[in-house]
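What the coordinates show
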Amino acid sequence: MIRRAVLELAKTGIPRSASMDDNIRKTRDLNPRAINLWDYVTLIGAQLSRPAYDPYRETINLDISIGIGKSRKIVLNIPLIIYGNIGMDSYSLDSLHLALNRLAEGGQIVGLILDREINTKKDKRKYPLFKKISSISENQTSDLLGEHNDTCADGLVFEYKDDSSVDILRDLRERFDGPILVDVSNVFPSFNSILDLKTDGILVDTEKITKNSRYNGKHAIKVICDARNALNGYYKGKEESSDNAILVIAGDVNSTGKIAKAAALGADIIGYSTSILIANSHIYSEKPYDVISIAENVYRHMIGTKEELRGIPAALGYSDFHNISPSDLRTSSIDASLQGNIPLEGIDKTYLDTIGGIIDEFISNKELNMTCSEVRDALKSMGGE
Amino acid sequence: MCGICAVMLENCKEHFPIGSLLYKMMESQQIRAQDSTGVAIFNKETNKEFYKIDYYRKINGVYCSFTEKVSRERLASSMNQLNKDPDIILASFAKEMNLLKDVGLVRDLELKYKIKSVLGTHGIGHLRIATSSRVNPYNAHPFSTTAYPDMAVVHNGEITNYSRLRSSLELKGYRFFSRCDSEVIAVFIADQILRHGNIEKANYEFINKADGPFTYIVATPDSLALVRDKNGARKGIFGYNPGNKGYPAFWAIATDLSALDSVGATHYIETPEPGKPKIFYNQIKISSICN
């Protein structure tokens, strides 16, 4: 069979993607005397340990949809939404618009979060746009929604400030049938009441949150872990559904490595700012203010990022990007291991598990006068607040 | 590179030592894996009053095996206790199933449990070579779960998104007893069966959710399901032995052709389509099995 596969490859130039034992049914009589001995031996021995997926040949899924219940769903083919608290001039914005349109034409849908209008007169928008809303009073809501209907934003990002935001959010939910993401950075990590309002997703800005007193000095990974745990806690015991709110992690995610880390720790979609930085850097380029060449740079960067993103799950043996989990990460920092429950490099165990094992040994040898549960509580408090 | 196998009688008028067929099939595949071995054999005539719970308990740092017989009335409290105790590892939760597993070769299992003489209507077997977790009796296959009695799973391959599947099942309140990726199949299928009672749908759900290369067999009192991942990256074949005088007809499932050869199940040899479960239903009524 190996010989057949090689001959087939030589003849057609197309490598076999099907399973090795697909040919078994063709060789009904398996008596070695009745068939070619080579075939018999290779059939018996044809079991290779699974190599990594090949991102160029095999399907690696990066798709993710936003929208629960009756809200219109948006499907992204790359789990990124362009987002950043960075100012953009009109050239940068136009080039970003062109690049995202070009990506969409090639079937690569990436989202964009903006707090202002985009010029779509020349080129109709082909990618999903999320309008960012902050500081809005209740009586302005209807005007705003009216405005949205004109510009046809596909989704909203609502900045949740305090309890008074609940009514606005409820009103938005009733009037707007597209997905609504709620930026919970101001109230993090308490957002259960927001999920009760059928929110389609939670947006967590790690940069903003790590500046809060509660998370001062903590890693962004701690914020992501807490966000994922809070979401899991909300859905705990409830029937599993594809309609659960998604987690969007933004802030300081500026490379493929950081995207993969955020995804492994539980992010469904990542707010990505590097495309904006590339668009903004046009003034330092050979052709400043040349929208087409800036768009080309952004487009190439996004394609490169996408291919890198496909490579990461493939190398880990996943066919779906969203199957990456914390167990795939390794850290050399005790702090990071405690805050993100990430295994330490070399020993493949979290710091908590390592210390727990040592203490368990002490207890079983009666060298430590504590019960197992007391030790576990003590260890948990090390990794907790 | 584990080896899996299964046998299901098509029809028979007597008890049949399924264990002897599984033994032959496992022995012929022993070259694939030598760390540990296990079988689960179903016999509807055994023990109708009590649930049998086999487990390992950590005593002074060493796991010792225990068996408890529990009546229906006491089942809920016993399971609750079992699920809460961190020093317990489940081996089997059964009423009709006889699950035997240990480290070593198939001949060691035979010496210890006399598996060749175990009677039944169908059963599964496994040969393990450890890849992700340690070699000990409780990481040996088949895997059972406290969520659903009389269900056993043997698996060859890897469930690469094991961590993600496990955490989602833990969120629903299921207890896991090992760090072996195969246990997640048992718990997932149990959860699905509890939800809609359809073994085929349960396996389709698993294929959709699971990632990685795998072939597994799920055995319940009424069925055997052979499942391959959607890319068909792991082998899994089945064949038929039409029987002879005094020898019942049966379907056999295995990883290697040598196993089917060893029991003469070389008629209609096929492999299921990747991502499409092949289910064998047990059509033997209890009354048709006579002494």
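Below, the structure is looked at part by part.

Conventions and cut-offs
- Sequence order as written defines the numbering, with residues in each chain counted from 1.
- Each chain gets a letter, beginning with A, and each ligand a number, beginning with 1, in the order they are written.
- At least 70 in pLDDT is required for a residue's local features to be given in this predicted model, at least 80 for side-chain atom pairs to be given and counted, and no such filter applies to totals for whole chains, interfaces and linings, which use all residues.
- With hydrogens and water set aside, each side-chain value is computed from the structure's full complement of heavy atoms.
- Only runs of H or I of at least four residues qualify as helices and only runs of E of at least two qualify as strands under DSSP, and these elements are numbered from the N terminus.
- Note on exposure labels: buried denotes an accessible area under 20% of the residue type's maximum, exposed denotes more than 50%, and partly exposed covers the range between, all computed with a 1.4 Å probe on protein chains only.
- Here a residue-residue contact requires only that any non-hydrogen atoms of the pair lie within 4.5 Å.
- Any two strands with at least two DSSP bridges between them are considered paired.
- Note on geometry: axes are C-alpha line fits, over the in-contact stretch for helices, and angles between N-to-C directions span 0 to 180 degrees.
- Take a side-chain nitrogen of Lys or Arg and a carboxyl oxygen of Asp or Glu: if they are within 4 Å of each other, that pair is a salt bridge.
- Only Phe, Tyr and Trp rings are paired, with Trp represented by its six-membered ring, and only when their centres lie within 6.5 Å; those with planes under 30 degrees apart are stacked, over 60 edge-to-face, the remainder tilted.
- Comment: the charge-over-ring label is applied if NZ (Lys) or CZ (Arg) is within 6 Å of the ring centre and within 35 degrees of the ring normal.
- Expected span, for any helix, means 1.5 Å times one less than how many residues it has.
- As used throughout, the charge tally considers Lys and Arg to be positive and Asp and Glu to be negative, leaving His and the chain termini uncounted.
- Two N or O atoms form a polar contact when they lie within 3.5 Å of each other; inside protein one atom must be a possible hydrogen donor and the other a possible acceptor, and for residues adjacent in sequence the pair counts only when both atoms belong to side chains.

Looking only at helices and strands, one finds 14 helices and 10 strands in chain A. For chain A, the proportion of its 385 residues judged to be buried stands at 49%. For chain A, long-range pairs separated by at least 24 residues make up 58% of all intrachain contacts whose partners lie at least 6 apart in sequence.

Attention shifts here to the sheet that holds strand β2 (residues 36–42) of chain B. Residue and element names in this part refer to chain B. Here 7 strands make up an open sheet; going across it, the order is β6-β2-β7-β1-β13-β12-β14 and the pairing antiparallel. This sheet does not close on itself; its edge strands, each paired only once, are β6 (97–103) and β14 (267–270). Strand-to-strand twist of the sheet, defined as the mean angle between neighbouring strand axes without regard to direction, takes the value 10°. Where strand β1 (residues 3–9) meets strand β13 (residues 250–254), 5 bridges bridge the pair, whose relative direction is antiparallel. Directly across from C5, in β13, lies its bridge partner A254. Where helix α1 (residues 18–28) meets the sheet, its contacts fall on β1, β2, β7 (122–128) and β13, and the angle it forms with β1 comes to roughly 150°.

Before going further, it helps to spend a moment on the pattern of salt bridges. Residue and element names in this part refer to chain B. On inspection of all chains with the given rule, the structure shows 26 salt bridges over all chains. With its nearest N and O atoms 2.4 Å apart, the salt bridge here joins K112 to D102. On the criterion of sequence distance, the pair formed by K112 in helix α3 (residues 106–113) and D102 in strand β6 is long-range, its members being 10 residues apart. K235 is the salt-bridge partner of D256, the closest N and O atoms lying 3.0 Å from each other. Here D256 is found in the loop between β13 and α7 (257–262), whereas its partner K235 is found in the loop between β11 (223–228) and β12 (237–241), with 21 residues between them in sequence. Side by side, D256 and K235 carry an identical accessibility label, which is buried.

Our next topic: the sheet that holds strand β3 (residues 50–59) of chain B. In a beta sheet, neighbouring strands pair by backbone hydrogen bonds and run either parallel or antiparallel. Residues and elements named next belong to chain B. Spatially, the 3 strands line up as an open sheet ordered β4-β3-β5, and their pairing is antiparallel. The strands lining the two open edges of the sheet, one partner per strand, are β4 (62–71) and β5 (88–94). Averaged over neighbouring strand pairs, the angle between their axes works out to 20° when direction is ignored. The pairing of β3 with β5 spans 6 bridges and is antiparallel.

What follows covers the packing of aromatic side chains. Residue and element names in this part refer to chain B. The final tally for this structure, using the stated rule, is 18 aromatic pairs over all chains. Look at Y55 and F66: their rings are 5.7 Å apart centre to centre, the planes differ by 20°, and that puts the pair in the stacked class. Highlighted residues: Y55 in strand β3 and F66 in strand β4, separated in sequence by 11 residues. Here a set of aromatic residues connected by ring pairs shows up, and it is made of F238, Y240, W251, Y268 and F280. Here K278 stacks its cationic end above the ring of F280, 5.6 Å away from the centre of that ring.

Attention now moves to the pairing of strand β9 (residues 148–157) of chain B. Residue and element names in this part refer to chain B. The buried fraction of β9 is high, at 8 of 10 residues. Taken together, the 2 bridges between strand β8 (residues 143–145) and β9 define a ladder with antiparallel strand orientation. The residue bridging F143 from the neighbouring strand is V153, located in β9. Where β8 hands over to β9, the hairpin turn is made up of 2 residues, counted between the paired strands. Two strands pair when backbone bridges link them, and β9 and strand β10 (residues 214–220) are joined in this way by 6 bridges, in the antiparallel orientation. Within the sheet, the bridge partner assigned to H155 lies in β10 and is Y216.

Residue and element names in this part refer to chain B. If you check helix α5 (residues 183–196), its first and last C-alpha atoms are 20 Å apart, about what 14 residues at 1.5 Å a residue would give, namely 20 Å. Judged by how many residues are buried, α5 sits mostly within the fold: 11 of 14 residues are covered. Three or more residues of α5 are buried, namely E183, V184, I185, A186, V187, F188, I189, A190, D191, Q192 and I193. Those residues of α5 that are buried lie in contact with β8, β9, α4 (162–171), α6 (199–209) and β10. Just downstream of α5, G197 is the residue with a positive phi angle, here 70°.

Another aspect to go through is the side chain of S92(B). Residues and elements named next belong to chain B. Positionally, S92 belongs in strand β5. In this structure S92 comes out as buried when scored by relative accessible area, which is 1%. Excluding its chain neighbours within four sequence positions, the residues that come into contact with S92 are K52, I53, D54, M97, L99 and S144.

With that settled, consider the side chain of D150(B). Residues and elements named next belong to chain B. Residue placement: D150 occurs in strand β9. Lacking a salt bridge, the buried D150 has K95 as its closest oppositely charged neighbour, with an N-O distance of 7.1 Å. Looking at D150, its side chain comes within polar contact range of the main-chain nitrogen of M97, at 3.0 Å. For D150, the residues in contact, after removing those within four places along its chain, are F42, F93, A94, K95, E96, M97, A219, T220 and P221.

Our focus in this paragraph is the environment of L338(A). All names here are of chain A. If you trace the backbone, L338 turns up in helix α12 (residues 334–340). Among the residues examined, L338 registers a relative accessible area of 17% and is labelled buried. Taking the C-alpha atoms as reference, L338 lies 43 Å from L98; in sequence the two are 240 residues apart.

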